[in-house]
Amino acid sequence: MSQVPNTIDVVDSHTEGEPTRVVVSGWPQPAGATMAERCAELIREQSALRRAVVCEPRGHDAVVGALLTPPVEQDSTAGVIFFNNVGALGMCGHGLIGVARTLSFLGRLDGDTARIDTPVGTVGFAIEADGSITISNVASRCHSRDVAVDVPGLGRVTGDVAWGGNWFFLTQISSPAISFDYRRELLSASVAIKRALDEARITGEGGAEIDHVELFGPASRDDADSRNFVLCPGLEYDRSPCGTGTSAKIAVLAARGKLDPGERWRQESITGSLFTGWYERRGDELFPFISGRAFVTARSSLVFEPGDPFLDGIGGR
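In this text, all values refer to a predicted model and were calculated from it rather than measured experimentally.

(A) Quick look at the overall build of the protein chain. Secondary structure summary: the protein chain contains five helices and 17 strands in total. Taken over C-alpha atoms, the radius of gyration comes to 19 Å for the protein chain, in line with the 20 Å a tight globule of 317 residues would show. Viewed in the frame of its principal axes, the protein chain has a C-alpha envelope of about 50 × 45 × 35 Å. Of all 317 residues assigned to the protein chain, the portion counted as buried reaches 56%. The long-range share in the protein chain, meaning contacts at least 24 apart out of those at least 6 apart in sequence, stands at 63%. Accessible area of the protein chain: about 13,200 Å², with a carbon and sulfur share of 45%.

(B) Structural view of the layout of surface pockets. Its volume calculated, the largest pocket comes out at about 320 Å³. In terms of lining, the largest pocket is formed by 16 residues, of which the most central are Asp160, Gln172, Lys249, Val252 and Arg256. Split into classes, the residues belonging to the lining of the largest pocket amount to five nonpolar, six polar and five charged. Quantified by volume, the second largest pocket comes out at close to 250 Å³.

(C) The arrangement of the nonpolar core in detail. The biggest cluster of nonpolar side chains holds 59 residues, and the ones touching the most others in it are Phe82, Phe125, Phe169 and Ile193. Among the elements that line this core, the one with the most residues is helix H4 (residues 183–199), at seven residues. For Phe125, the contacting residues outside a window of four places in its chain are Leu96, Ala100, Leu103, Leu109, Asp112, Thr113, Ala114, Ile116, Ile133, Thr134 and Ile135. Judged by nonpolar contacts, the second largest core, of 20 residues, contains Ile8, Cys55, Ile81 and Phe304.

(D) Summary view of the pattern of salt bridges. Evaluation of the coordinates by the stated rule reveals 17 salt bridges. The partner of Glu16 in a salt bridge is Arg293, with the nearest N and O atoms 3.2 Å apart. Here Glu16, found in the loop between strand S1 (7–15) and strand S2 (18–25), pairs with Arg293, found in the loop between strand S16 (285–292) and strand S17 (294–303); they are 277 residues apart in sequence, far enough to count as distant. Its relative accessible area of 7% is what places Glu16 among the buried residues.

(E) Structural view of the packing of aromatic side chains. For the coordinates displayed, the defined rule picks out four aromatic pairs. Taken together, a centroid distance of 5.3 Å and an interplanar angle of 50° make the contact between Trp27 and Phe83 tilted. Of the two residues, Trp27 is situated in the loop between S2 and helix H1 (35–45) and Phe83 in strand S4 (residues 78–83); the sequence distance between them amounts to 56 residues. Grouping residues by exposure puts Trp27 and Phe83 together as buried. Residues Trp163 and Trp167 carry aromatic rings whose centres are separated by 5.4 Å and whose planes lie at 55° to one another, so their mutual orientation is tilted. Judged by relative accessible area, Trp163 falls into the buried class, the value being 14%. The class for Trp167 is buried, based on a relative accessible area of 7%. Looking at Arg183, its charged tip hangs above the ring of Phe180, at a distance of 4.0 Å from the centre. The ring of Phe216 has Lys249 sitting right over it, with the charged end atom 4.1 Å from the ring centre.

(F) Structural context of empty space enclosed by the protein. For the structure shown, the criterion picks out one cavity of 30 Å³ or more. As a volume, the largest cavity reaches approximately 150 Å³. What lines the largest cavity is a set of 22 residues, among which Glu18, Val64, Leu89, His212 and Cys232 lie closest to the centre. Those elements that provide at least two residues to the lining of the largest cavity are helix H3 (93–105) and helix H5 (243–255).

(G) Expanded view of H4. Between its terminal C-alpha atoms H4 stretches 24 Å, which fits the 24 Å expected from 17 residues at 1.5 Å a residue. Those residues of H4 lying buried are Leu186, Leu187, Ala189, Ser190, Val191, Ile193, Lys194, Ala196 and Leu197. Buried residues in H4 make contact with strand S9 (141–151), strand S10 (155–163), strand S11 (167–172), strand S12 (212–217) and strand S13 (226–231).

Thresholds, definitions, all that
- Residues numbered from 1 in each chain as written.
- Predicted model: local features only at pLDDT ≥ 70, side-chain atom pairs only at ≥ 80, totals over all residues.
- Heavy atoms only, no water.
- Helix = DSSP H or I, 4+ residues; strand = E, 2+ residues; numbered from the N terminus.
- Rg over C-alpha atoms; globule rule 2.2 N^0.38 Å.
- Buried < 20%, exposed > 50% of the residue type's maximum accessible area, 1.4 Å probe, protein only.
- Contact = heavy atoms within 4.5 Å.
- Areas by Shrake-Rupley, 256 points an atom, 1.4 Å probe, with all protein chains shown as cover.
- 1 Å grid on protein atoms, 1.4 Å probe; cavity = no way out; pocket = protein on both sides within 12 Å on 5 of 7 lines; lining within 4 Å.
- Points joined across faces, edges and corners; volume = space filled by probe spheres on them.
- Nonpolar A, V, L, I, M, F, W, Y, C, P; charged D, E, K, R; others polar.
- Core = buried A, V, L, I, M, F, W, Y, C linked by side-chain atoms within 4.5 Å.
- Salt bridge = Lys/Arg side-chain N within 4 Å of Asp/Glu carboxyl O.
- Phe/Tyr/Trp six-rings, centres within 6.5 Å; stacked < 30°, edge-to-face > 60°.
- Lys NZ or Arg CZ within 6 Å of the ring centre and 35° of its normal.
- Expected span 1.5 Å × (residues − 1).

Here's what the structure looks like:
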């Protein structure tokens, strides 16, 4: 456990209900000239530290970590590697909103806008006058439509495969209803879909694993267009509407001719929170924008005492 220092300073926040833990100091910086190289180094050499920071007893399975690094692009404010209980994330929309709120809280921003380097590209954010935060995501796309998979207990499920910074399978199922009251049943159903996709070898581009499943249903609030339930890679569900998932949804809607550039899509989460999304076209590429709110919940030092039998966390991998 030589990778784990004595203390690590973090700022916790939630974005529309989903937690983000931003590491602000104490973590040995992973080596690499690019964010992808730094991410690979973190996964290869610092997995014990990753688990120690986000898993129990200091965290829990729904926590997404965000390690701040120096930027790699000249006009960027910082780099960030998002991670969870089982690995790293290419991008994280709710996490980026949490990073923006944290940097503002710490007084580390020069103005209300910034560019941030991630392993899948440079993204950006703007803090709006009302306190909401709008992020500009990486180019998103619908990879394949009307993909059918046989799922034990559910039958044949048809959905779309899309990229929004992570790979998603997006679908509707007749039961259970997309309701917080049925979150455990929805978790079981989405895990079954994920396993069926793996067994059927249904993937994203270039054989990439589809590590998120997104279920849709009618909205429960008047100002939303639909409600979702999102399975994350660590087999937890997203309490927010999911930023990369909303980006993937926007890409699918655009591919189906159901959403025009600049037109707003209001995505409700399983907890009743809301993201507003839209997109613009730059040449042949589609770039989503997601707007939501984040709130700081704690500023603390995580302590790692020698001899702690759970120094590297409980669970995860």
